[in-house]
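# Per-entry structural report
Letter by letter, the chains look like this.
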Amino acid sequence: MLPGRRLVRALPLLLCLLLAGCALRPADTAEQDVRRAVADWSRTPPERLAGIPVEDWAYEVASVRRDGVRALVRAELRYRLTGYDPAPAGSARELELHGDGGTWRVAADRPAPGTPPQLWDQGPVSVVRGTHSLVLGGSGQSEDTLRGIAAEADRAVPAASAAWPRPWAGRVVVLVPGSLARMAELLGGTADAYRGMGAVTTGRVGAGPAPADRVVVNPEGYGELGEAGRRIVLTHEVTHVATRAATSATTPLWLSEGFADWAAYRGGPTTPGQGAPALGRAVRRGEVPAELPATEAFAFGGDSEALARAYEGAWLACRLIAAEWGEEALVDLYERAAREPLPTALDEALGVDRAGLTKAWQEALRDWLR
């Protein structure tokens, strides 16, 4: 194109800008002001997080909806707990801003509709640091309680590492909400779904940067446990954190849940009969399971006895593999099952097919639980 033609085409744009005919519309300008206000406000974490070691705190604005001097912003909060999160944690948020004379300020920061809250959304948060753990307690949790959980988590981390001799962070974040109802809020579920449980673990599965896992304690269920029960529960959950990067959507639940229980009971005095009472009752009635526990058997909110049998059967399957094929073979099977079909993983790690493993497991159940 000739230089003269470039000049001719540029003149209308220049005249438009000079005459303000193509300037940003007021709505566009206001949206930019709102976005700028969010960016300025989010440079410093909220005061209610004082004491919580956060870093990389940032809001990624997805949308702005203005209504006069009020604006609602949908954003994704990203942050890390310093020294504990190799990858950011995330939370969908809704920010409310008020405008005054062209100046916008954030008046509220809350979970986006349909999104579970963060612990600090429920009230003041207490912080206790352990050797391998960071424990965050919700409103009403005493420091003594949190210190006890930190001490148990500190024992669980090396126990999980001994069972899972693969690289992982070697540290854990534990959330202790103020009540069972508050726990259910954090997990986006109902209290009945978690009643009787000691703790659960959150986090996405799969390879890549280690996710920001959280062990969430049910203060009611955990509080009813004795010392051995608390040790088993936390070691089980910490093992889920340790194995997370080696767990995928194809990992059978009997293997992931059974491995976590195997790690929790490993080296302890618990016998199969003591650790699997529900399955023991079934076996003594002649009701030996026909198959390894199916995925749906681990669903909460249904038959508690059937759920117990699923967990117990999964534990004893992993116990059998460790005893007959060796602990390294069990770890190898776990890794392979995340990236290969289970029949292939069984053949390569154990040299057995599913039918052969099932038969050996059934025989072990009759031997251990009669």
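First, a word on scope: everything that follows refers to the structure included in this document. (Residues numbered from 1 in each chain as written. Predicted model: local features only at pLDDT ≥ 70, side-chain atom pairs only at ≥ 80, totals over all residues. Heavy atoms only, no water.)

### Remarks on the sheet that holds strand β6 (residues 133–137)
Taken in spatial order, the five strands of this open sheet run β5-β6-β7-β9-β8, and their pairing is mixed. Of all strands in the sheet, those bounded by a partner on one side alone are β5 (126–129) and β8 (199–202). Across the sheet, the mean angle separating the axes of adjacent strands is 20 degrees when strand polarity is ignored. Examined bridge by bridge, β6 and strand β7 (residues 172–176) share five bridges and lie parallel to one another. The residue of β7 that forms the bridge with Val135 is Val174. Helix α3 (residues 143–163) contacts β5, β6, β7 and β9 (214–217) of the sheet and is inclined by roughly 150 degrees relative to β6. (Pairing = 2+ DSSP bridges. Helix = DSSP H or I, 4+ residues; strand = E, 2+ residues; numbered from the N terminus. Axes fitted to C-alpha atoms, helices over the stretch in contact; angles between N-to-C directions. Contact = heavy atoms within 4.5 Å.)

### Focus on the sheet that holds strand β1 (residues 54–67)
One open sheet holds the four strands; their spatial order is β1-β2-β3-β4, and the pairing between them is antiparallel. Edge strands, defined here as strands with exactly one partner in the open sheet, are β1 and β4 (103–111). In this sheet, adjacent strand axes meet at a mean angle of 30 degrees when their direction is disregarded. Inspection of the sheet shows strand β3 (residues 89–100) paired to β4 by eight bridges, in the antiparallel sense. Residue pairing for β4: Glu94 is matched across the bridge by Arg110.

### Here's the deal with the packing of aromatic side chains
The tally for this structure, following the rule as stated, stands at eleven aromatic pairs. Between Trp57 and Tyr59, the aromatic rings sit 6.0 Å apart at their centres with planes inclined by 70 degrees, giving edge-to-face as the arrangement. Note on accessibility: Trp57 and Tyr59 belong to one class, buried. Look at Tyr79 and Trp120: their rings are 5.5 Å apart centre to centre, the planes differ by 70 degrees, and that puts the pair in the edge-to-face class. With Tyr79 in strand β2 (residues 70–81) and Trp120 in the loop between β4 and β5, the pair connects residues that are 41 residues apart, well separated along the chain. For Tyr79, a relative accessible area of 4% puts it in the buried group. Aromatic ring contacts, followed pair by pair, group Trp41, Trp57, Tyr59, Tyr79 and Trp120 into a single cluster. (Phe/Tyr/Trp six-rings, centres within 6.5 Å; stacked < 30°, edge-to-face > 60°. Buried < 20%, exposed > 50% of the residue type's maximum accessible area, 1.4 Å probe, protein only.)

### A short note on the side chain of Gln141
With respect to the helices and strands, Gln141 occurs in the loop between β6 and α3. There is a polar contact of 2.9 Å between the side chain of Gln141 and the backbone oxygen of Pro177. Residues in contact with Gln141, not counting those within four places in the same chain, are Ser126, Leu146, Val176, Pro177, Gly178 and Pro219. (Polar contact = N/O pair within 3.5 Å; in protein donor to acceptor, adjacent residues only side chain to side chain.)

### Regarding the pattern of salt bridges
As enumerated under the stated definition, the model contains 28 salt bridges in all. With its nearest N and O atoms 2.8 Å apart, the salt bridge here joins Arg93 to Asp121. Of the two residues, Arg93 is situated in strand β3 and Asp121 in the loop between β4 and β5; the sequence distance between them amounts to 28 residues. We classify Arg93 as buried; its relative accessible area is 1%. Measuring nitrogen to oxygen at the nearest pair gives 2.6 Å for the salt bridge that ties Arg166 to Glu328. Remark: Glu328 occurs in helix α12 (residues 327–337) and Arg166 occurs in the loop between α3 and β7; sequence separation between them is 162 residues. The exposure class of Arg166 is partly exposed, given its relative accessible area of 22%. Assessed through its relative accessible area of 44%, Glu328 is described here as partly exposed. Bridged by salt links that share partners, the residues Arg70, Arg74, Glu94, Glu96 and Arg110 form one connected network. (Salt bridge = Lys/Arg side-chain N within 4 Å of Asp/Glu carboxyl O.)

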